[in-house]
Amino acid sequence: LISCSSLSSLCLAATQMADDGATSLSLSLAGMRCLSYLNLASSSIGDSGVTALAQQLHRHTSIGSLLLSDNSFGDSGAAELSRIVRNSSALRELGISRNNIGDDGAAAIAEALATCPILTILDMGMNSIGADGIE
């Protein structure tokens with residue numbers, strides 16, 4: 001995938017890439033400057049994989065949809081994703097439902113929302129977010 005610099009949409013949902021695969025993919029993302037849609041749902045990605053992806057994706061100005069639902073990352077992964085939300089001028093959709101995100105991760109995402117006015121779809125359902133994370 002490293003040579004796919006003009007790729008605008010990438011769906012690798014329902015794979016078993018896990019953290020190692022996500023880390024490998026993150027290296028390819030550096031050259032995909034046109035990428036606007038990335039779907040990695042149901043791919044067994046934990047905190048370290050999401051961290052590797054976020055470190056590359058927060059530099060992308062074109063990413064409009066990022067779908068990471070039904071993985072296994074928690075608060076630290078959500079905190080890394082909040083950097084993407086905070087720095088994006090194009091992110092319209094963030095799907096992070098069915099993970100292990102708790103109150104701290106929800107708070108990190110919520111704080112970042114103040115600087116991302118274009119985000120119109122946020123799916124955080126079916127996580128471990130309690131009353132403190134909703135405030």
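The following paragraphs examine the structure supplied in this document. (Residues numbered from 1 in each chain as written. Predicted model: local features only at pLDDT ≥ 70, side-chain atom pairs only at ≥ 80, totals over all residues. Heavy atoms only, no water.)

## Structural notes on helix H4 (residues 103–113)
Residues spaced three or four apart along an α-helix point in a common direction, a consequence of the helix completing one turn every 3.6 residues. The cut-off we apply is this: The buried label applies to any residue whose accessible area, calculated with a 1.4 Å probe on protein chains only, is under 20% of its type's maximum; exposed applies above 50%, and partly exposed to all values in between. Put simply, DSSP marks the helices as runs of H or I at least four residues long and the strands as runs of E at least two long, and each gets a number from the N terminus on. Here, the arc refers to the directions that run from the helix axis to the C-beta atoms.
Considered for burial, the residues of H4 that qualify are Gly105, Ala106, Ala108, Ile109 and Ala112. When H4 is viewed along its axis, its buried side chains cluster within an angular range of 160 degrees and face the same direction. Opposite the buried face of H4, by more than 90 degrees, sit the exposed residues Asp104 and Glu111.

## What about the pattern of salt bridges?
We count it as follows: For this analysis, a salt bridge means a side-chain nitrogen from Lys or Arg found within 4 Å of a carboxyl oxygen belonging to Asp or Glu.
For the coordinates displayed, the defined rule picks out one salt bridge. Here Arg83 ties to Glu80 by a salt bridge, and the two come within 3.0 Å at their closest N and O atoms. Pair noted here: Arg83 and Glu80 are both in helix H3 (residues 75–87), with a separation of three residues, about one helical turn.

## What to know about the packing of helix H1 (residues 18–29) against helix H2 (residues 47–57)
Going by this rule: Axes here refer to lines fitted to C-alpha atoms; in helices the fit is confined to the stretch in contact. Angles between the N-to-C directions go from 0 to 180 degrees. Throughout this description, any angle smaller than 35 degrees is read as roughly parallel, any larger than 145 degrees as roughly antiparallel, any in the 65 to 115 degree range as roughly perpendicular, and the remainder as oblique. Contacts are residue-level and defined by heavy atoms, with any inter-residue pair within 4.5 Å sufficient. Residues were grouped as follows: Ala, Val, Leu, Ile, Met, Phe, Trp, Tyr, Cys and Pro as nonpolar; Asp, Glu, Lys and Arg as charged; and all remaining residues, including Gly, as polar.
Relative to each other, H1 and H2 sit at 5 degrees, their axes nearing to 8 Å. For the element pair H1 / H2, the angle class is roughly parallel. Across the interface between the two elements, Asp19, Ala22, Thr23, Leu25, Ser26 and Leu29 from H1 touch Asp47, Ser48, Gly49, Ala52, Leu53, Gln56 and Leu57 from H2. Taken together, the residues of the contact of H1 with H2 sort by class into six nonpolar, five polar and two charged.

## Details of the sheet that holds strand S1 (residues 9–11)
Threshold: Any two strands are treated as partners once DSSP identifies two or more bridges connecting them.
An order of S1-S2-S3-S4-S5 is seen for the five strands of this open sheet, with the pairing classed as parallel. Sheet topology places S1 and strand S5 (121–123) at the edges, where each strand pairs with a single neighbour. Averaged over all pairs of adjacent strands, the angle between strand axes in this sheet comes to 5 degrees, irrespective of strand direction. Here three bridges tie strand S3 (residues 65–67) to strand S4 (residues 93–95), and the two strands are oriented parallel to one another.

## A few points about the environment of Ser42
Note the cut-off: Under the rule applied, a polar contact is a pair of N or O atoms within 3.5 Å (in protein, one hydrogen donor and one hydrogen acceptor; residues adjacent in sequence only if both atoms are side-chain atoms).
Tracing the backbone through its elements, the reader meets Ser42 in the loop between strand S2 (37–39) and H2. Each C-alpha atom, one on Ser42 and one on Leu12, is 8.9 Å from the other, the two residues being 30 residues apart in sequence. Aside from chain neighbours lying at most four places away, what touches Ser42 is Ala14, Thr15, Ser69, Asp70 and Asn71. Here the side chain of Ser42 touches Asp70 through a polar contact of 2.9 Å, side chain to side chain.

## Examining the side chain of Ser26
Residue position: Ser26 is located in helix H1. A relative accessible area of 4% means that Ser26 is categorised as buried.

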